[in-house]
Amino acid sequence: MAFTLYSLLQAALLCVNAIAVLHEERFLKNIGWGTDQGIGGFGEEPGIKSQLMNLIRSVRTVMR
Amino acid sequence: MISIHIHAAARRASGSGSVAAMAYHSGYGAHGSKHRARAAAEPPPLFDDTSGGYSSQPGGYPAPGAEVAFNVNHFLGDPMANVALAYGSSIASQGKDMVHKELHRFVSVNKLKYFFAVDTTYVAKKLGLLVFPYTHQSWEVQYSRDVPLPPRQDLNAPDLYIPTMAFITYVLLAGMALGIQKRGQSEPPPAADGGELPICGRRFSPEVLGLCASTALVWVVMEVLALLLGVYLAAARSDLSTLHLLAYSGYKYVGMILSVLTGLLFGSDGYYVALAWTSSALMYFIVRSLRTAAPVPDSLGGPAPRQHLQLYMTLGAAAFQPLIIYWLTSHLVR
């Protein structure tokens, strides 16, 4: 595969766009990945799922 | 010299071209004769040496011959040329300052300098360690008062010099390998395989070199991003910054170079043997280094699942390396 830097930029842009278009109410809540469902206790163990949800939420906030 | 002093004053004042021109022009009439006399005695500078200390002569310019010096002297005796000279060099210094400022916004230059503080013995030992890491005992990075020691004093510290040089050497070696290939081998089989040939498998031409370089760079960037994502998801509070990860993922280029060289010298079998050897050495090296670098002991201690996660991430990163090495070099040693 011949990658140019431009194709890397395109791929990054498409991935970020894909994360940004995940709708909060219609989709994420239905699969249990909403932002108010994941933040469990104030413990020290975030776990992968809550880290991912945090990441999705921050990407969506930045891209808004 | 007079030109340098006036130029320094203009640069310190406001740096704009008109001020320099005016300052120089006003100063020129008074010192005109002295300037000419002095310029005839030593070779006149074609551009001012504006970097730092002004004590050094503009000495990069050797005097070619008497008549050439005199012609240049006559040319530089023209006041407009001198004004243009001062203006141009002030613009150049402005550009340099602007570039430094922009660069400083993205990359902290001090942190970058830490990674390049290497010397010859460190590089030699590190290369030996990359090829044969099995006998090395202590893998901890040493600190001195909470600051990690630079690579000059600590063999386990990561550096960016070796990866950078190895990357450049890999690109040049890829070009050479493509040029060495026989004609029958290097032309892609005409629609015989459905798969896509990596573009570095074509015959050599200058744009193939650039494509090869950018492909390898893109793989490095993707790997660093994946590692960053892995470190973030595992929520490991360690001192593995982006540049550390860049350094560790750049070490595989040494393995690639060795594999390609062995493949060129000893044929396809030598290539596979070298590939296996360098892959296992690199995997061992990365696993040992990252296991001591990643978990920073905090007061609460790391809970068990997080350590498992970190271990999986490390093993995944290590297992990814041979695949990349094979993918980026197999077409060169066909």
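Everything quoted here is computed from the prediction, not taken from an experiment.

Peer 1: Honestly, the overall build of chain B in this entry has me stumped. Any pointers?
Peer 2: Across its full length, chain B carries 12 helices and 2 strands. In sequence order, chain B lays out its α and β elements as α-α-α-α-α-α-β-β-α-α-α-α-α-α. In chain B, which comprises 334 residues, the share counted as buried stands at 40%. A separation of at least 24 residues holds for 77% of the contacts in chain B among residues at least 6 apart in sequence. Carbon and sulfur atoms make up 66% of the accessible area of chain B, which totals about 18600 Å².

Peer 1: How should the UniProt feature "transmembrane region" (unreviewed entry) in chain B be read in this particular structure?
Peer 2: Summarizing the sequence annotation, UniProt attributes the feature "transmembrane region" (unreviewed entry) to residues 160–180, 208–233, 245–265, 271–290 and 311–329 of chain B in the numbering used throughout. Annotated as 100% helix and 0% strand, the span residues 208–233 of chain B places its first and last C-alpha atoms 37 Å apart.

Peer 1: I keep staring at the nonpolar core and nothing clicks. Help me out?
Peer 2: Across soluble globular proteins, nonpolar side chains have a tendency to be buried as a group. All names here are of chain B. In terms of nonpolar packing, the biggest core is built from 49 residues, with Tyr170, Tyr251, Tyr253, Phe285, Leu328 and Leu332 touching the most fellow members. Residue assignment for this core shows that the elements contributing at least two residues are helix H6 (120–131), helix H7 (161–180), helix H9 (206–233), helix H10 (242–250), helix H11 (252–293) and helix H12 (304–329). In terms of residue count, H11 provides more of this core than any other element does, 12 residues in total. Look past the residues within four positions of phenylalanine 285 in its chain and what remains in contact with it is Lys126, Leu129, Leu130, Pro133, Trp139, Tyr248 and Tyr251.

Peer 1: Explain a nonpolar patch on the surface to me, please; I cannot follow it from the model alone.
Peer 2: Taken together, the side chains of A:Leu5, B:Leu217, B:Val221 and B:Leu225 define a hydrophobic patch exposed on the protein surface, amounting to about 320 Å² of accessible area. Here the element with the most residues in the nonpolar patch is H9(B); it accounts for 3 residues. Tracing the sequence through the fold places B:Val221 in helix H9. Overall, B:Val221 belongs to the partly exposed group, its relative accessible area being 30%.

Peer 1: Help me understand the packing of aromatic side chains in this model?
Peer 2: A ring pair, where both rings are aromatic, is described by two values, the distance of the centres and the angle of the planes. All names here are of chain B. Per the stated rule, a full pass over the model turns up 10 aromatic pairs over all chains. An angle of 75° between the planes, with centres 5.1 Å apart, marks the rings of tyrosine 114 and phenylalanine 115 as edge-to-face. The class of tyrosine 114 is buried, set by a relative accessible area of 17%. On the accessibility criterion, phenylalanine 115 (2% relative accessible area) is buried. A centroid spacing of 6.1 Å and a plane angle of 15° characterise the contact between phenylalanine 132 and tryptophan 277, whose relative ring orientation is stacked. In this pair, phenylalanine 132 sits in the loop between H6 and strand E1 (143–144) while tryptophan 277 sits in helix H11, placing the two residues 145 residues apart along the sequence. On the basis of relative accessible area, phenylalanine 132 is assigned to the partly exposed category, the value being 40%. Look at tryptophan 277 and you get partly exposed, because its relative accessible area is 41%.

Peer 1: Where do I start with the confidence of the model for chain A in this structure?
Peer 2: As a note on interpretation, predicted positions should not be read in detail where pLDDT is low. Within chain A, residue pLDDT values average 75, and 72% of them lie at 70 or more. Considering each helix and strand of chain A separately, the mean pLDDT is smallest for helix H3 (residues 35–38) of chain A, with a value of 64, and largest for helix H1 (residues 5–20) of chain A, with 87.

Peer 1: Where do I start with the confidence of the model for chain B in this structure?
Peer 2: Residue and element names in this part refer to chain B. On average, residues of chain B carry a pLDDT of 73, and 64% of them reach 70 or more. At the low end of the mean pLDDT range in chain B sits helix H2 (residues 17–41), at 46; at the high end sits H6, at 89. This model gives residues 13–41 a pLDDT under 50, and the stretch forms 29 contacts once residues within four places in sequence are excluded. When the criterion is pLDDT under 50, residues 191–196 qualifies, and its contacts beyond four places in sequence or with other chains add up to 1 contact. Across the whole predicted complex the pTM is 0.64, and at the interface the ipTM reaches 0.77.

Criteria and cut-off values
Residues numbered from 1 in each chain as written. Chains lettered and ligands numbered in written order. Predicted model: local features only at pLDDT ≥ 70, side-chain atom pairs only at ≥ 80, totals over all residues. Heavy atoms only, no water. Helix = DSSP H or I, 4+ residues; strand = E, 2+ residues; numbered from the N terminus. Buried < 20%, exposed > 50% of the residue type's maximum accessible area, 1.4 Å probe, protein only. Contact = heavy atoms within 4.5 Å. Areas by Shrake-Rupley, 256 points an atom, 1.4 Å probe, with all protein chains shown as cover. UniProt positions renumbered as here; feature names shortened; annotations may be inferred. Core = buried A, V, L, I, M, F, W, Y, C linked by side-chain atoms within 4.5 Å. Patch = residues over 30% accessible without salt bridge, like charges linked within 9 Å, V, L, I, M, F, W, Y side chains within 5 Å. Salt bridge = Lys/Arg side-chain N within 4 Å of Asp/Glu carboxyl O. Phe/Tyr/Trp six-rings, centres within 6.5 Å; stacked < 30°, edge-to-face > 60°. pLDDT = per-residue confidence, 0-100.

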